[in-house]
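The lines below spell out each chain.
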Amino acid sequence: MTITRSEIEHYKRKGYVSPSWQLPVKKIDLLKNNINKIIKSNSDIRPEQIVCPHIEGGTRGELNNINHEYFLRLAYTNEIINMIKAILGNDIILWGSQIFSKPAFDGMAVPMHQDSHYWPIEPMSTCSVWIAADRSTEINGCLTVIEGSHKNETYKHVTNNNKTALNAAIDNKYIQNKIKKHILLEPGQLSLHHSNLIHGSNKNISPYRRAGIVYRYMSSKSKFNRKAKNHNQKDGHSVNYSDRPIWLINGKKRDNTLVKYFYK
Ligand SMILES: O=C(O)CCC(=O)C(=O)O
């Protein structure tokens, strides 16, 4: 197993975990190179908002990502799938990904939010895996979480007028006086988080880039609701679930999940 019993316990209790397993060095270099390439060939898109690099063209043909196969294969890393199996069970779908790369001096914050606010999955049996390409620290805007907050419901989110990487933030009253825990990662390390965990990250005003990629997995027993309201973000970054390809990674699919593509 690539995730220990006590790491799984930590995830269940606190809503996130950073397992001791990490990507081998060669794969870290590959990840960095592929992130660098995709950022370079999509200079019109903010590097914190590169959505679905594992799909040819991204979500709506907006991405020039000739290396989408690389990003898809990375989602199939055996050790990562074993972790997801331990959290979600055997039946797993890959349904999303996003590169969050915060450039030095100019990296956007991600407001505190719960992923479940945005997502079309019913019931919300999901897990995100965030993989660090660069060192992720307090000064370059690492992921910050409110431990244990995944045990609560999905709270009201309010539209955010600031220049941030997401346009809705959790109403401040739910997070006032709560302690934020910083997830510090070295390149190749990863963290898993629950869709109800309250999390976000600060701006990067340091001289060090902070890049990572997150993969979104769900149980294939849940439904991917293609009729769910799509989000049209003010910054033009739109998300459309109606025709998004999703991949059955392991196990069986539920009849009505409309899994479009399989990949081996
Ligand atoms: O990379 C970040 O700073 C935020 C990531 C995030 O919100 C997520 O993976 O759900």
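All chains use their own residue numbering, which begins from 1 and follows the written sequence. pLDDT decides what is reported in this predicted model: residues at 70 or higher carry local features, side-chain atom pairs at 80 or more are listed and counted, and totals for whole chains, interfaces and linings draw on all residues regardless.

**Let's talk about the overall build of the protein**
And then number 1: For the protein, the helix and strand inventory stands at 4 helices and 17 strands.
And then number 2: Its C-alpha atoms give the protein a radius of gyration of 17 Å, within 12% of the compact-globule value 18 Å for 264 residues.
And then number 3: Judged by the C-alpha coordinates and their principal axes, the protein covers about 45 × 40 × 40 Å.
And then number 4: Neighbour counting defines burial: a residue surrounded by 20 or more other C-beta atoms within 10 Å of its own C-beta is buried, one with 12 or fewer is exposed, and intermediate counts give partly exposed, using backbone-placed C-beta atoms. Taken over 264 residues, the protein has a buried fraction of 45%.
And then number 5: We call two residues in contact when their backbone-placed C-beta atoms lie within 7 Å. Excluding contacts between residues fewer than 6 apart, the proportion of contacts in the protein whose partners are at least 24 apart in sequence is 80%. Where helices and strands are cited, they refer to DSSP runs of H or I of at least four residues and of E of at least two residues respectively, numbered from the N terminus. For the radius of gyration, the atom set is restricted to C-alpha positions; the globular benchmark scales as 2.2 Å times the number of residues to the power 0.38.

**Quick look at the site of the ligand**
And then number 1: Around the ligand sit Phe100, Val110, Asp115, Ser128, Trp130, Leu143, His199, Ser201, Gly212 and Val214, and that is every residue in its neighbourhood.
And then number 2: Residues are grouped as follows: nonpolar covers Ala, Val, Leu, Ile, Met, Phe, Trp, Tyr, Cys and Pro; charged covers Asp, Glu, Lys and Arg; every other residue, Gly included, is treated as polar. Looking at the shell around the ligand residue by residue, the classes come out as 5 nonpolar, 4 polar and 1 charged. A molecule or strand has a residue near it when that residue's C-beta atom, placed from backbone coordinates, lies within 6 Å of it.

**With respect to the nonpolar core**
And then number 1: Membership of the largest hydrophobic core comes to 61 residues, with the highest contact counts inside it found for Ile84, Ile93, Leu94, Val129, Ile131, Leu192 and Tyr217.
And then number 2: Other than its neighbours up to four places away in sequence, isoleucine 131 contacts Leu23, Leu31, Leu190, Gly212 and Ile213. Nonpolar cores are built from buried Ala, Val, Leu, Ile, Met, Phe, Trp, Tyr and Cys residues. These are joined into a set through C-beta atoms within 7 Å.

**Quick look at unusual backbone geometry**
And then number 1: Here the residue pair glutamate 122 and proline 123 is connected by a cis peptide bond, since its omega of -10° sits within 30 degrees of zero.
And then number 2: Relative to the elements of secondary structure, proline 123 occurs in the loop between strand 5 (121–122) and strand 6 (126–132).
And then number 3: Here the phi dihedral of cysteine 52 falls at roughly 55°; this positive angle occurs in a residue that is not glycine.
And then number 4: With respect to the helices, strands and loops of the structure, cysteine 52 is situated in the loop between strand 2 (50–51) and helix 3 (68–75).
And then number 5: Note on cysteine 52: 24 C-beta atoms within 10 Å, which makes it buried.
And then number 6: A positive phi angle, near 65°, is found at phenylalanine 105, a position not held by glycine.
And then number 7: Mapped onto the elements, phenylalanine 105 comes out in the loop between strand 3 (92–102) and strand 4 (110–113).
And then number 8: Look at phenylalanine 105 and you get exposed, because 12 C-beta atoms sit within 10 Å.

**Digging into the sheet that holds strand 10 (residues 181–182)**
And then number 1: Two strands pair under a simple rule: DSSP has to find at least two bridges between them. Pairing in this open sheet of 4 strands is antiparallel, and the strands run 4-12-7-10 from one edge to the other. Strand pairing shows two members of the sheet lacking a second neighbour, strand 4 and strand 10, which therefore form its edges.
And then number 2: As judged from the 2 bridges shared by strand 4 and strand 12 (residues 199–201), these two strands associate in the antiparallel manner. Across the sheet, histidine 113 pairs through a bridge with histidine 199, a residue of strand 12.

**Quick word on the pairing of strand 6**
And then number 1: Taking burial as the measure, the 7 residues of strand 6 include 7 buried ones, the bulk of the element.
And then number 2: Side chains Thr126, Ser128, Trp130 and Ala132 of strand 6 all project onto a buried face; the interleaved residues Cys127, Val129 and Ile131 project onto the opposite face, where all are buried too.
And then number 3: Bridge count for strand 6 against strand 13 (residues 210–219) is 7 bridges, and the pairing is antiparallel. Looking at strand 13, one finds that alanine 132 is bridged to glycine 212.

**Focus: the environment of asparagine 160**
And then number 1: Position of asparagine 160 relative to the elements: it lies in the loop between strand 8 (157–159) and strand 9 (168–170).
And then number 2: Note on asparagine 160: 18 C-beta atoms within 10 Å, which makes it partly exposed.
And then number 3: As for asparagine 160 and asparagine 34, which are separated by 126 residues in sequence, their C-alpha atoms are 31 Å apart.
And then number 4: Among residues more than four places away in sequence, those in contact with asparagine 160 are Pro111, Asn167, Ala168 and Ala169.

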